[in-house]
Amino acid sequence: MRAGLCGFLGMTLLAGAPAAHAQNLQVQLIARINAVRQDPGAYAAQLRIYRGYFRGTILILPGEPVPVLTREGIAAVDEAIAFLEQQAPLPPLAHAPLLEQAAAAFAQAQGAIGARGHVGADGSTPGERVRRLGGDIYLGEGIAYGAPDVESLLREMVVDDGVPGRGHRTLLFNPDFRFAGAGCSPHATLEHICVIDMSATIDGSPVKILVPAARP
């Protein structure tokens, strides 16, 4: 069983890989999320191929020597396919440097001590960490551990096997979110940790609603 996901309302890095490689994977993750947001139907077709590698709750991927034990098996994949086929295309997420900074710093801090979850060692929440950098608290955060590559991480977040409420899928397909930043780091016990922060604004600030002035 893979280490799993953690969502709040990823990108992979092998221990010792150079920082440039990690940055490249971060860019790949946002790009892949954007591709799925813009064309969910095409990704549903990919998942139909993926579902053929299941034997009950066991996933046997081509070329992978070790089978993966899932919680729900094909049922979760079929649910994801049905969701994607009904999902309207969404705009791509724009790069948010401040969100990326917060995600990367949290990934490094959690990875160094082998921690899990969205609450930092100092008790900080995702919004508080972005606020410390000059932003605000209005954002969502997803965390993944141990996915072997970007495509596996993306599948895990979209299928969301064993996650009540499919929180990661909800995060990725939130129509209000327009900006994202991702970071990843080696993890002391789970190989690596990958964090993605998303918001309706570039820095987690609230959306400003313009109210027409009253006529005299």
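What you are looking at is a predicted structure, and each value in this text was computed from that prediction instead of being measured.

In this section: helix 4 (residues 97-113). With 17 residues, helix 4 should cover 24 Å at 1.5 Å per step; its first-to-last C-alpha distance of 25 Å lies within 8% of that length. Burial in helix 4 covers these residues: Leu98, Leu99, Glu100, Ala102, Ala103, Ala104, Phe106, Ala107, Gln110 and Gly111. Looking one or two places after helix 4, you find glycine 114, whose phi comes out positive at around 70°.

Another point: the packing of aromatic side chains. The description of two aromatic rings rests on the distance between their centres and on the angle between their planes. In total, this model carries two aromatic pairs according to the counting rule given. Ring geometry for tyrosine 50 and phenylalanine 54: centres 5.4 Å apart, planes at 90°, overall edge-to-face. Take tyrosine 50 and phenylalanine 54: they sit in the same class, and that class is buried. Between the aromatic rings of phenylalanine 83 and phenylalanine 173, the centroid separation amounts to 5.3 Å while the plane-to-plane angle is 70°, which identifies the pairing as edge-to-face. Here phenylalanine 83 is found in helix 3 (residues 74-86), whereas its partner phenylalanine 173 is found in the loop between helix 7 (167-172) and strand 7 (179-187), with 90 residues between them in sequence. Its guanidinium or amino end placed over the ring of tyrosine 145, arginine 116 lies 4.7 Å from that ring's centre, counting from NZ or CZ.

Once that is clear, we can look at the nonpolar core. Grouped together as the largest cluster of nonpolar side chains are 36 residues, with contacts concentrated most on Leu47, Leu84, Ile196 and Met198. When contributions to this core are tallied by element, the ones reaching two or more residues are helix 1 (19-38), helix 2 (40-50), helix 3, helix 6 (150-159), helix 7, strand 7 and strand 8 (191-199). Ignoring anything within four residues of it in the chain, the contact list for methionine 198 reads Arg37, Leu93, Leu99, Leu139, Gly140, Leu171, Leu172, Phe177, Phe179 and Ala180.

Let's shift gears to the packing of helix 2 against helix 6. The description of two packed helices rests on the angle between their axes and on the distance between the axes. For the pair helix 2 and helix 6, the least separation of the axes is 12 Å and the interaxial angle reads 100°. With respect to their mutual orientation, helix 2 and helix 6 come out roughly perpendicular. Between helix 2 and helix 6, the contacting residues are Tyr43, Leu47 and Tyr50 on the first element and Glu151, Leu154, Arg155, Val158 and Val159 on the second. Considered class by class, the residues forming the contact of helix 2 with helix 6 number six nonpolar, no polar and two charged.

Our next topic: the sheet that holds strand 4 (residues 68-69). Within a sheet, adjacent strands bond to each other through the backbone by hydrogen bonds, running parallel or antiparallel. With antiparallel pairing, the three strands of this open sheet are ordered in space as 2-3-4. Two strands bound the open sheet, and with one partner strand each, they are strand 2 (54-55) and strand 4. Sheet analysis places strand 2 next to strand 3 (residues 58-59), joined by two bridges and oriented antiparallel. Bridge pairing in strand 3 places arginine 55 opposite isoleucine 58.

Thresholds, definitions, all that
Throughout this description, residue numbers start from 1 for each chain and increase along the sequence as written. Per-residue local features are limited, in this predicted model, to residues with pLDDT of at least 70; the limit for side-chain atom pairs, both in listing and counting, is 80 or more; totals at the level of whole chains, interfaces and linings are taken over all residues. Note that water and hydrogens are dropped before the side-chain values are worked out from all heavy atoms of the structure. The way it works is that DSSP assigns letters per residue, a run of H or I at least four long becomes a helix, a run of E at least two long becomes a strand, and they are numbered from the N terminus. Here a helix's expected span is defined as the number of its residues, less one, multiplied by 1.5 Å. Partly exposed residues are those whose accessible area sits between 20% and 50% of the maximum for their type, while under 20% is buried and over 50% is exposed, using a 1.4 Å probe and protein chains only. Put simply, two rings from Phe, Tyr or Trp (the six-membered ring, in Trp's case) pair if the centres are within 6.5 Å, and we call them stacked under 30 degrees between planes, edge-to-face over 60, tilted for the rest. Only when the NZ of Lys or the CZ of Arg is both within 6 Å of the ring centre and within 35 degrees of the ring normal is a charge said to sit over the ring. Nonpolar cores were defined as sets of buried Ala, Val, Leu, Ile, Met, Phe, Trp, Tyr and Cys residues, with membership established by side-chain atoms within 4.5 Å. Pairs of residues are marked as contacts when any of their non-hydrogen atoms sit within 4.5 Å. Helix axes are fitted to C-alpha atoms over the stretch in contact, other axes to C-alpha atoms as well, and angles between N-to-C directions run from 0 to 180 degrees. Working rule for angles: under 35 degrees goes down as roughly parallel, over 145 as roughly antiparallel, 65 to 115 as roughly perpendicular, anything else as oblique. Residue type decides the class: Asp, Glu, Lys and Arg count as charged, Ala, Val, Leu, Ile, Met, Phe, Trp, Tyr, Cys and Pro as nonpolar, and the leftover types, Gly among them, as polar. Here a strand pair is declared whenever DSSP counts at least two bridges between the two strands.

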